[in-house]
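Observations on the model geometry
Residues per chain, in single letters:
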Protein chains: 2
Amino acid sequence: MKTLQTLVLLLTFAGFAQKITKKNYEYINPLIGTARMGHTYPGATVPFGSVQLSPDTDTIAYELNKKYNGKVYEYCAGYQYADKTIVGFSHTHFSGTGHSDLGDFLIMPTTGALQLNPGTADKPQGGYRSAYSHNNEVAKANYYKVLLDDHYITAELTASTRVGFHRYTFPKEDTAHIILDLMHGIYNHNEKNVWTFVRVENDTLITGYRQTRGWARTRTVYFAMTFSKPIRNYGAQTYDKDNIYNGFWRKFEQTKNFPEAAAQNLKMYFDFDVAAGEQVLVKMALSPVSTQGAVANMQLEVPHWDFDRTVAEGQRLWEKELDKIEVQTITEDDKVNFYTAMYHAFINPTVYMDADGSYKGLDQNIHKADGFTNYTTFSLWDTYRALHPLFNMIQPKHNADMIQSMLAHYSQSVHNALPVWSHYANENWCMIGYHAVSVIADAVVKGNTGFDTQLALEACINSSNLSYYDGITDYKTYGYVPEDKSVASVSKTLEYAYDDWCIARIAEKLGKKDIAAAYGHRAENYKNVWDAKSGFMRARLSNGTFIKNFDPLDTGQAGYIEGNAWNYSLYVPQDPEALVLMNGGAAKFAVHLDSLFTMQLPDKYFEHTEDISRDGIIGNYVHGNEPSHHVAYLYNWVGQAYKTQQRVRMILNAMYKPAPNGLGGNDDAGQMSAWYIFSSLGFYPVAPGSPDYSLGSPLVEEAVLHLENGKTFTITAKNQSAKNVYVQKVELNGRPLTGLTLKHEDIMKGGNLVFFMGSKAVK
Amino acid sequence: MKTLQTLVLLLTFAGFAQKITKKNYEYINPLIGTARMGHTYPGATVPFGSVQLSPDTDTIAYELNKKYNGKVYEYCAGYQYADKTIVGFSHTHFSGTGHSDLGDFLIMPTTGALQLNPGTADKPQGGYRSAYSHNNEVAKANYYKVLLDDHYITAELTASTRVGFHRYTFPKEDTAHIILDLMHGIYNHNEKNVWTFVRVENDTLITGYRQTRGWARTRTVYFAMTFSKPIRNYGAQTYDKDNIYNGFWRKFEQTKNFPEAAAQNLKMYFDFDVAAGEQVLVKMALSPVSTQGAVANMQLEVPHWDFDRTVAEGQRLWEKELDKIEVQTITEDDKVNFYTAMYHAFINPTVYMDADGSYKGLDQNIHKADGFTNYTTFSLWDTYRALHPLFNMIQPKHNADMIQSMLAHYSQSVHNALPVWSHYANENWCMIGYHAVSVIADAVVKGNTGFDTQLALEACINSSNLSYYDGITDYKTYGYVPEDKSVASVSKTLEYAYDDWCIARIAEKLGKKDIAAAYGHRAENYKNVWDAKSGFMRARLSNGTFIKNFDPLDTGQAGYIEGNAWNYSLYVPQDPEALVLMNGGAAKFAVHLDSLFTMQLPDKYFEHTEDISRDGIIGNYVHGNEPSHHVAYLYNWVGQAYKTQQRVRMILNAMYKPAPNGLGGNDDAGQMSAWYIFSSLGFYPVAPGSPDYSLGSPLVEEAVLHLENGKTFTITAKNQSAKNVYVQKVELNGRPLTGLTLKHEDIMKGGNLVFFMGSKAVK
């Protein structure tokens, strides 16, 4: 078996000997997706880590803007590659999401006069931020390094699950300041900070918390921060409009070397004397529960000051995760793309509990995760499609724990509902559907049932009947969501119908025939928004008529959300055969699909939504956003598998590049990356909740999947090349695979899947 | 033994038979002190109860005032007897304090159109508040009743330790609203509310919390509220200037019958259909920890809907506490005063923990009180003088627990300091001194040591050396606080010196001679602000000179706080002999004291401070505020005990009346009442930390003290009358008591103290 670990190339030139033994995790390039709309961050994190320690190059400057501006979207991950300055290093970041929040506890080292204002990008000297150059920037798995030009400080970052670790090297003898900006945040705002509380416990330990009302409406993160050397002086500055309690007895100094501070808007600074070349290290542990929890997390995870050790420990974690799929690729770039996709896929959801299992629940009470790891950051409208199916294949234990986390959410929810888009004990209701049911269905159907399946079914049923949620009551009454009752009605109807099919699959698996039948019936509701006349899924009113003023190309068209009628009308993943028939049969539908990929779409048609940009579009096919992620595989249902193969390889090449602007759209908490991984391996879960994968065209030459059950499943692409995108035949364990489907159980049993590639389409 | 319980008077008139068996607690009149500056509240509470459920007649109307106004002081307890309207009933109130806060969770029942604005006192119909009449108001121990004129609703209130219980009687069939105003508060303000969070768990149970930044800078109170009948409809209204997260997906209704709400400024309403005469009951349980804790507290304390049972249970608790001192008095009014004083003395400090012992500490972490009851609301500048000594005599177990609570505070304090003025896990630093050491010294010296005395001494030493606190470092350097370094320097120096004497007493008792000597030395620092030339304690600068522009009558005079030079110059409780000598000896000092009580003081001299008003002044003697509370007893040190006797009886009569305006100043968390109780019994702790009480003139005819050690101490005043204020002789256990001192141990041993009273002074 040929693996990367054993692949040692010795290149010997005259007087120059270099041993190249590159491990999988070393192909990770965290900068991929940091430019434009990828919304990834370049900083340090471990797999599914609670801490994401990364530079922020800007956010909404609350000093400048009273209301938030368009940068809310641009700065979802806090970093934009094109920016010339770094504000500082904060400890929590979403990866690839389509909305922004977090950015807690920004730390910035400075020298010279103390400045507590971050300054602006055009005038960095006016504040503590610093210019930097990509030439002096290194981003690897669990390691980030940059030279802060304005202060000549080298900053290095690493992390454990719950601890961010900073190493700052000062070039000359100086007074150094380490600023803790508790006002900084992503999706920031005058009113975002709710409360901050800080205690200087002793001359090296600071504790406290920050409570925000961002996208997460009620969110508190606790911290414990410690320095490698004693603080010489410190201080607190509040920026509140009004200090309600500021009585006459505050007659003694409470802003300098006074160990307690609390305010809505607060910044702290800590001064140190440093020698030339001296390093000052900072550890920042987080907790969702308490400062006690944060201190305990630090003591458990990083009880030392060995920065390099923490880098190495985190990299070993990445190595372990990435070695689960060992690939050979046509080019080194493909390997960078593949392993960076795995990296991005294994960032979210994130661990949300203390080392002892304690976490704050939706009810704001403290709960203990009993027998599972509790996760948060469920971007389910995105991730049900391929990320959770990927986890079911290669991370089943993590996925079962994520489902347990969703069931804990359900148990704590006052709505008796599974998460829609949840983070940090908050339901933000983002996007549509109740796609947690898809995640559960995919796990149940694939036998990954390390959770209470009866409770899960109950949770799915309750979630799908939440009377006040987003048109559900009308959906049940009319068989579709009427647009005059609830907007984005077509998108909702289609996705509810798919979700209902998922619930039917769970019920079927659990032997609940009545429930399976009832939800099987609801699963056909997609038919109720089919307008045979226009040939599109189209919004209907409660009186039964379709709405007028219909433009199937317009993403602003009433009836849809983050997609136009063209793309959404292809969304019946639970029954592509029926979709083909509705569209006039295979031949006609094939032409329809072709036109999707080949038409020219004027700009005006996608200017309505931030989530769809030119970067992510091929014709009218939108890869940069989720609703069409299964579409390239639909050719398999019209007898034109070769077009699936061709389209998939085209998308893999066009939408994923080993560069900062390499992602065609938000990575969406790993969904875009999961699409890449599946498609690179040669198959894709068109309908999560089904045990079948639909075959495409592998990009890899070889992939060895080391499964958690101890089995190995090897995928080989014979005669693979950039041009040989067409599958000539497929063999599973030496026997021809008939049909265009790979069964999940065939992977789980271990074995060999061999694609025979060629440059000519097999029609 | 003659006790009230056995005193049954049968008054029989023609056709009218009335049996009077009035129990001690039935003499309580919660309305005493509710007018003008008493700052008491008329509502329901149990001894040391966490819940103080009481009507608020006004607060700072944040709708009207951007900045807080003078009403901050006027509405410390939320209720002013002169007001004509009631805003509603909130669950937390300070009793008698000189600063305001609390007022959590205002509930108001209404009928008619829903109004969520409280309206104003002059236009009550413009809001939900209601006019009321004192004719329709009943206030008793743990029971309050009022008719809300605007809604014709009879409201009744009672409480257990952690649960407020409301009973609303609706006169006719109607739609009733029960408003939960989470914006209401005492010391309210645009910016006071930090965050509120509410869940409608089911059709009768609501949970949530309110976080404020009032006098307590970081404070959260959790609640669980339940109704006796299902809610028909409910809703939430937010009043935030800016909803930071209000994205497009909030497309479904989230303000009506949506079970979750959170905002900085939030009000809820709950609608019920009521029949004529129907009663709707509401229970509101509080917790300092969590909504889970609040639910558990409710289930444990009030698991039923029997309002009258809770009234009776609370009254039995008052009965038990008040029966600890059974008095016979000259008049019924004296009995009302005495038992209302006991009532007010036993309200603060308040229990601050869940039923299971959990509470939030100063570090914002959850702690468990191990082996003691945790208390909060320590108004120590007031209460060290007589309230804690009273507790050492009649409530030693409670007092030891209070000291344990202060030591827990110390252990959690990032300042390594005992409380100054603390409430709800906050140090608000109010007033001066480190008088917790006095409370500890008084307990240690009197043998009430149910706490870790070594830890207590350590805490006292650390508190008295807190370098950045209020001039302490300069006090240690100069032997006094220089006014140019820290204002109110004379008051601080004098009180620090007394506190240091207290620490010396603790050290002495624990056999730490070096510490006792060192603090004995510090205890003489009062001499360093003595200006022999003016005959007053006078502010000095760091260069050693006394400040110029000195007016010893002016409360605004630099060097003092809440008192003028006249009153503060008498503050050497630890060594009255020395004070007398400094003042030129007994004869001269006696004249000096006389002039204090007899001079005419123009208004201008006390217009500087809210805490001193005409109500509380006799000549230049200020009884309405604390610094002079020991002064009447100083005649005992100049051979004029008869003047102590006369002055004490005069003060008892002048400053305490059985009427709403019956208190001459803030009750100050029980200190004014404790002065009344001691002085009524015939003695007073001039220097807490000393085992000696100084004798005065009892007001009672008889008092039987039922001590916790099982002993009984009986005080009898023979020949007692309103005119016979002079003590002719005193006998302890049948033997003449020589001197003017009663020893604490003589009380604790049980026995009889007999005062022989007469109308002529014994000179």
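Relevant structure appears above.
Below, the structure is looked at part by part.

So, how was this worked out
Residues numbered from 1 in each chain as written. Chains lettered and ligands numbered in written order. Predicted model: local features only at pLDDT ≥ 70, side-chain atom pairs only at ≥ 80, totals over all residues. Heavy atoms only, no water. Contact = heavy atoms within 4.5 Å. Buried area = accessible area lost by both parts, 1.4 Å probe. Salt bridge = Lys/Arg side-chain N within 4 Å of Asp/Glu carboxyl O. Polar contact = N/O pair within 3.5 Å; in protein donor to acceptor, adjacent residues only side chain to side chain. Helix = DSSP H or I, 4+ residues; strand = E, 2+ residues; numbered from the N terminus. Buried < 20%, exposed > 50% of the residue type's maximum accessible area, 1.4 Å probe, protein only. Pairing = 2+ DSSP bridges. Axes fitted to C-alpha atoms, helices over the stretch in contact; angles between N-to-C directions. Parallel < 35°, antiparallel > 145°, perpendicular 65-115°, else oblique. Left-handed = near helix turned anticlockwise from the far one by under 90°. Phe/Tyr/Trp six-rings, centres within 6.5 Å; stacked < 30°, edge-to-face > 60°. Lys NZ or Arg CZ within 6 Å of the ring centre and 35° of its normal. Expected span 1.5 Å × (residues − 1). Least-squares fit on C-alpha atoms with pLDDT ≥ 70 in both. Arc of directions from axis to C-beta.

Residue-level contacts link 63 residues of chain B with 63 residues of chain A. Note on chain B versus chain A: buried area summed over both sides is about 5700 Å², and carbon and sulfur give 55% of it. Taken together, the connections running from chain B to chain A amount to two salt bridges. Put simply, R213 of chain A and D240 of chain B hold a salt bridge, and the shortest N to O gap is 2.6 Å. Linking chain B with chain A are 13 residue pairs in polar contact (both at pLDDT 80 or more). Sorting the residues of the side of chain B that touches chain A by element identifies strand 13 (193-200), strand 14 (205-212), strand 17 (260-263), helix 2 (291-301) and strand 23 (366-368) of chain B as the ones contributing at least two each. For the side of chain B that touches chain A, the element with the most residues is strand 13 of chain B, which contributes five residues.

Here the focus is the pairing of strand 34 (residues 712-718) of chain A. All names here are of chain A. Taken across its seven residues, strand 34 has five buried, putting it largely inside the fold. Judged from the five bridges that link them, strand 33 (residues 700-706) and strand 34 form a sheet pairing that is antiparallel. Looking at strand 34, one finds that L705 is bridged to F713. Where strand 33 hands over to strand 34, the hairpin turn is made up of five residues, of which G710 adopts a positive phi near 95 degrees. As paired strands, strand 34 and strand 38 (residues 751-758) are joined by six bridges and run parallel to one another. Each residue of the ladder has a partner; that of T716, found in strand 38, is V754.

This part covers the sheet that holds strand 11 (residues 163-169) of chain A. Residue and element names in this part refer to chain A. Overall, antiparallel pairing links the nine strands, which are arranged 8-9-10-11-19-15-14-13-17 in an open sheet. Each edge of the open sheet is held by one strand with a lone partner, namely strand 8 (137-140) and strand 17 (260-263). Taken over all neighbouring pairs, the strand axes of this sheet differ in orientation by 15 degrees on average, direction set aside. One ladder, built from six bridges, connects strand 15 (residues 219-227) with strand 19 (residues 279-287); its direction is antiparallel. Bridge pairing in strand 19 places F223 opposite L286. Taken strand by strand, helix 2 (residues 291-301) contacts strand 11, strand 14 (205-212), strand 15 and strand 19, and its axis lies near 50 degrees from that of strand 15. In the packing of helix 3 (residues 307-322) onto the sheet, contacts are made with strand 8, strand 9 (143-148), strand 10 (153-159), strand 11 and strand 19, and the angle to strand 10 comes to roughly 45 degrees.

Residues and elements named next belong to chain B. It is at 8 Å that the axes of helix 6 (residues 387-394) and helix 17 (residues 671-681) come closest, and there the two elements cross at 55 degrees. Considering their axes alone, helix 6 and helix 17 lie oblique with respect to each other. The handedness of the crossing between helix 6 and helix 17 is left-handed. Mapping the contact onto sequence places L387, P389, L390 and M393 in helix 6 and Q671, A674, I677, F678 and L681 in helix 17.

Here we come to the packing of aromatic side chains. Two measures describe an aromatic ring pair: the distance that separates the ring centres and the angle between the ring planes. On inspection of all chains with the given rule, the structure shows 96 aromatic pairs over all chains. Seen from their ring centres, F258 of chain A and Y468 of chain B are 5.2 Å apart, and the 75 degrees between their planes marks the pair as edge-to-face. Within this pair, whereas F258 of chain A is found in the loop between strand 16 (233-238) and strand 17, its partner Y468 of chain B is found in the loop between helix 9 (453-463) and helix 10 (472-478), the two belonging to separate chains. With a relative accessible area of 3%, F258 of chain A lands in the buried category. Here Y468 of chain B falls in the partly exposed class, since its relative accessible area comes to 23%. Between W675 of chain A and Y684 of chain A the ring centres are 6.1 Å apart and the planes differ by 50 degrees, which places this aromatic pair in the tilted class. Grouped by ring-pair contacts, the aromatic residues Y27, F338, Y339, Y633, Y656, W675, Y676, F678, F683, Y684 and Y693 of chain A constitute a single cluster. In this structure, K283 of chain A is placed above the aromatic ring of W305 of chain A, and the distance from its NZ or CZ to the ring centre is 4.2 Å. Seen from the ring of W381 of chain B, R385 of chain B lies directly overhead, with NZ or CZ sitting 4.6 Å from the centre.

Here we take up the sheet that holds strand 13 of chain B. Residue and element names in this part refer to chain B. Read across the open sheet, the nine strands follow the order 8-9-10-11-19-15-14-13-17; overall the sheet is antiparallel. Each edge of the open sheet carries a strand with a single partner, namely strand 8 (137-140) and strand 17. Taking the axes of each pair of neighbouring strands and ignoring which way they run, one obtains an average angle of 15 degrees across the sheet. Pairing analysis gives six bridges linking strand 10 (residues 153-159) to strand 11 (residues 163-169), with the strands arranged antiparallel.

This brings us to unusual backbone geometry. Glycine aside, the phi torsion of most residues is negative, and most peptide linkages are trans. Residues and elements named next belong to chain A. With an omega of -15 degrees, the peptide bond running from N348 to P349 counts as cis. Checked against the element boundaries, P349 lands in the loop between helix 4 (332-345) and strand 21 (350-351). Here N719, not a glycine, exhibits a phi torsion of approximately 60 degrees, which is positive. Of note, N719 is situated in the loop between strand 34 and strand 35 (726-732).

Let us now look at helix 11 (residues 489-509) of chain B. Residues and elements named next belong to chain B. The end-to-end C-alpha separation of helix 11 is 30 Å, in line with the 30 Å expected for 21 residues at 1.5 Å each. Extensive coverage of helix 11 is indicated by the burial of 19 of its 21 residues. Of the residues trailing helix 11, G511 is marked for its positive phi of about 75 degrees.

The subject of this paragraph is the relation of the copies chain B and chain A. It takes a turn of 180 degrees to lay chain B on chain A, together with a shift of 0.0 Å along the axis; the resulting RMSD is 0.1 Å. Given the turn and translation reported, the copies of this chain are related as if by a two-fold rotation axis. No C-alpha of chain B approaches the rotation axis more nearly than that of V194 of chain B, which lies at 3.1 Å. A shared interface surface links the copies, since 100% of the contact residues of chain B are contact residues in chain A too.

Looking now at helix 9 (residues 453-463) of chain A. Residue and element names in this part refer to chain A. If you check which residues of helix 9 are buried, you get T453, A456, L457, A459, C460 and S463. The arc that holds the buried residues of helix 9, viewed along the axis, is 160 degrees, so those residues lie on one side. Looking at the buried residues of helix 9, the elements they touch are helix 7 (396-412), helix 8 (436-445), helix 10 (472-478), helix 11 (489-509) and helix 12 (513-522). Its side-chain oxygen placed 3.1 Å from the backbone nitrogen of Q454, D452 serves as the N-cap of helix 9.

Residues and elements named next belong to chain B. For the pair helix 3 (residues 307-322) and helix 4 (residues 332-345), the least separation of the axes is 10 Å and the interaxial angle reads 110 degrees. Overall, the two elements helix 3 and helix 4 adopt an arrangement that is roughly perpendicular. Contacts between helix 3 and helix 4 pair W318, E321 and L322 from the former with Y339, M342 and Y343 from the latter.

Looking along a regular strand, one sees the side chains alternate between the two faces of the sheet. Residues and elements named next belong to chain B. Because side chains alternate across strand 8, one face comprises the buried residues E137 and A139, and the other comprises V138 and K140, none of which is buried. Pairing of strand 8 with strand 9 (residues 143-148) involves four bridges; the strand directions are antiparallel. By the bridge assignment, V138 is partnered in strand 9 with K145. In sequence, strand 8 turns back onto strand 9 through a hairpin of two residues, with N142 there showing a positive phi of about 55 degrees.

This brings us to the pattern of salt bridges. Residues and elements named next belong to chain A. Under the definition given, this model contains 62 salt bridges over all chains. Taking the shortest distance from any N to any O, the salt bridge between D58 and R129 comes out at 3.5 Å. Here the residue D58 occupies a position in the loop between strand 3 (54-56) and helix 1 (71-74), and R129 occupies one in the loop between strand 6 (106-111) and strand 7 (130-131), the gap between them amounting to 71 residues. By relative accessible area, which is 7% here, D58 ends up buried. Overlapping salt bridges, with partners in common, bring together D104, R210 and R219 in one network.

Moving on to the environment of A386 of chain A. Residues and elements named next belong to chain A. Among the secondary structure elements, A386 is positioned in the loop between helix 5 (380-383) and helix 6 (387-394). A C-alpha to C-alpha distance of 7.8 Å links A386 and F678, two positions 292 residues apart in sequence. Setting aside its immediate chain neighbours within four residues, A386 contacts Q671, A674, W675, F678, Y684 and P685.

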